[in-house]
Amino acid sequence: MTEKYLFDNASEREARARMAALAAQHNDATFRHMEKCGITLGWNCLEIGAGDGSVARWMAAKVGPTGRVLATDIDLRFVLQDRAANPPNMEPRVHDIVTGSLSEGAFDLIHARLVLVWLPERLTVLDKLVKALKPGGWLLIEDYDTLLVPAELATPDPADAAKFAKMKHAMFEVLTRNGLGHSYARELHHRLRERGLTQVQSYGAIATFAGGSPGADLQQANFRQVHKATIAAGLVSEAEFEEAVSLLSNPHFTAFTPTMFSAMGRNPEPR
């Protein structure tokens, strides 16, 4: 069966909400990791899965007019809708990282967040990304490990916990059926080292979020985007879906995020 990416951009309202929540939840950490890689003026960078373009625009500001950012996605509608915000040193390009080619030895920094976790071909893609690095270039991959989550929800109300857990498990079930690699992110440290990268570091971050926060907004957007699939699969009822979504607007409800792994490694300089 062909895997379908359920978090695509076809449902524009849900996708736009999800991207805004992703940016609010994760951009600051992503930017810190890029600064740790040394992003600076004149760098040639690649952003894979550009989404709304917020990360690529930040990169373009860091590399300045002498640098360049290639911002790729299989669907660039949100990057192009905000065309006026795109700096001249940022090039949006429709590109499929699985089937498309990349220039070898071309990039000082390559970044992908929540892309490879969806791809059954993720290890082949990693090989391609490493080959696209310049000598001394950095690869930064960020993905969820959806299995490294505390067993107990943070909310003290058992009934609310059960409602949220049922919808979360329903979402993960349909995502599993469509190719999600639940635990691959914890392997990234090893995967980068076995491909010859040096100075490899990997960090796992988990957070507690309350209803109405960016973390809750992200979870709500995710639930809405898999709404039809979970109902069609008979995993939850419409009423159960609505109950879980409403919890995420309740400031008294709290839950945990999945673990976000951020792994980086450097292509060795020639001796």
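To keep things clear, this report deals only with the structure shown in the data block. (Residues numbered from 1 in each chain as written. Predicted model: local features only at pLDDT ≥ 70, side-chain atom pairs only at ≥ 80, totals over all residues. Heavy atoms only, no water.)

The next subject is the pattern of salt bridges. All chains considered together, the criterion is met by 13 salt bridges. The salt bridge partner of Asp127 is Arg195, with a shortest N-O separation of 2.7 Å. Separated by 68 residues along the polypeptide, Asp127 in helix H4 (residues 122–132) and Arg195 in the loop between helix H6 (188–194) and strand E6 (198–205) bring together distant segments of the chain. Here Asp145 ties to Arg186 by a salt bridge, and the two come within 2.5 Å at their closest N and O atoms. Here Asp145, found in strand E5 (residues 133–145), pairs with Arg186, found in the loop between helix H5 (158–177) and H6; they are 41 residues apart in sequence, far enough to count as distant. Among the residues examined, Asp145 registers a relative accessible area of 0% and is labelled buried. Where salt bridges share partners, they join Asp127, Glu187, Arg191, Glu194 and Arg195 into one cluster. (Salt bridge = Lys/Arg side-chain N within 4 Å of Asp/Glu carboxyl O. Helix = DSSP H or I, 4+ residues; strand = E, 2+ residues; numbered from the N terminus. Buried < 20%, exposed > 50% of the residue type's maximum accessible area, 1.4 Å probe, protein only.)

Further remarks concern the nonpolar core. Counting residues in hydrophobic clusters, the biggest one holds 50 residues, and the most contacted among them are Ile110, Leu129, Leu139, Ile141 and Phe223. In terms of residues, this core owes the most to one element, H5, which gives 7 residues. Discounting residues that sit within four places of it in the chain, Phe223 has contacts with Phe164, Met167, Lys168, Met171, Phe241, Ala244, Val245 and Leu248. Grouped together as the second largest cluster of nonpolar side chains are 22 residues, Met34, Trp43, Ala56 and Ala60 included. (Core = buried A, V, L, I, M, F, W, Y, C linked by side-chain atoms within 4.5 Å. Contact = heavy atoms within 4.5 Å.)

Applying the stated criterion across every chain, the model contains 3 aromatic pairs. Ring centres 5.2 Å apart and planes at 55 degrees place the aromatic pair Phe164 and Phe253 in the tilted group. Separated by 89 residues along the polypeptide, Phe164 in helix H5 and Phe253 in the loop between helix H9 (238–247) and strand E8 (254–256) bring together distant segments of the chain. We note that Phe164, like Phe253, is buried. Connected via pairs of aromatic rings, a cluster forms that spans Phe164, Phe223 and Phe253. In this arrangement the basic side chain of Arg122 is found over the ring face of Tyr184, its NZ or CZ atom lying 5.1 Å from the centre. (Phe/Tyr/Trp six-rings, centres within 6.5 Å; stacked < 30°, edge-to-face > 60°. Lys NZ or Arg CZ within 6 Å of the ring centre and 35° of its normal.)

An ideal rise of 1.5 Å per residue puts 28 Å on 20 residues; H5 measures up with 28 Å between its terminal C-alpha atoms. Within the span of H5, buried status applies to Asp160, Ala161, Phe164, Ala165, Met167, Lys168, Ala170, Met171, Phe172, Val174 and Leu175. Each element contacted by the buried residues of H5 is listed here: strand E7 (208–210), helix H7 (214–225), helix H8 (227–232), H9 and E8. Looking one or two residues beyond H5, the residue adopting positive phi is Gly179, at roughly 100 degrees. (Expected span 1.5 Å × (residues − 1).)

What follows deals with empty space enclosed by the protein. Evaluation of the coordinates by the stated rule reveals 1 cavity of 30 Å³ or more. Within this model, the largest cavity holds a volume of roughly 40 Å³. Taken together, Val149, Lys168, Phe172, Gln219, Phe256, Thr257 and Pro258 form the lining of the largest cavity. Counted by class, the lining of the largest cavity contains 4 nonpolar, 2 polar and 1 charged residues. (1 Å grid on protein atoms, 1.4 Å probe; cavity = no way out; pocket = protein on both sides within 12 Å on 5 of 7 lines; lining within 4 Å. Points joined across faces, edges and corners; volume = space filled by probe spheres on them. Nonpolar A, V, L, I, M, F, W, Y, C, P; charged D, E, K, R; others polar.)

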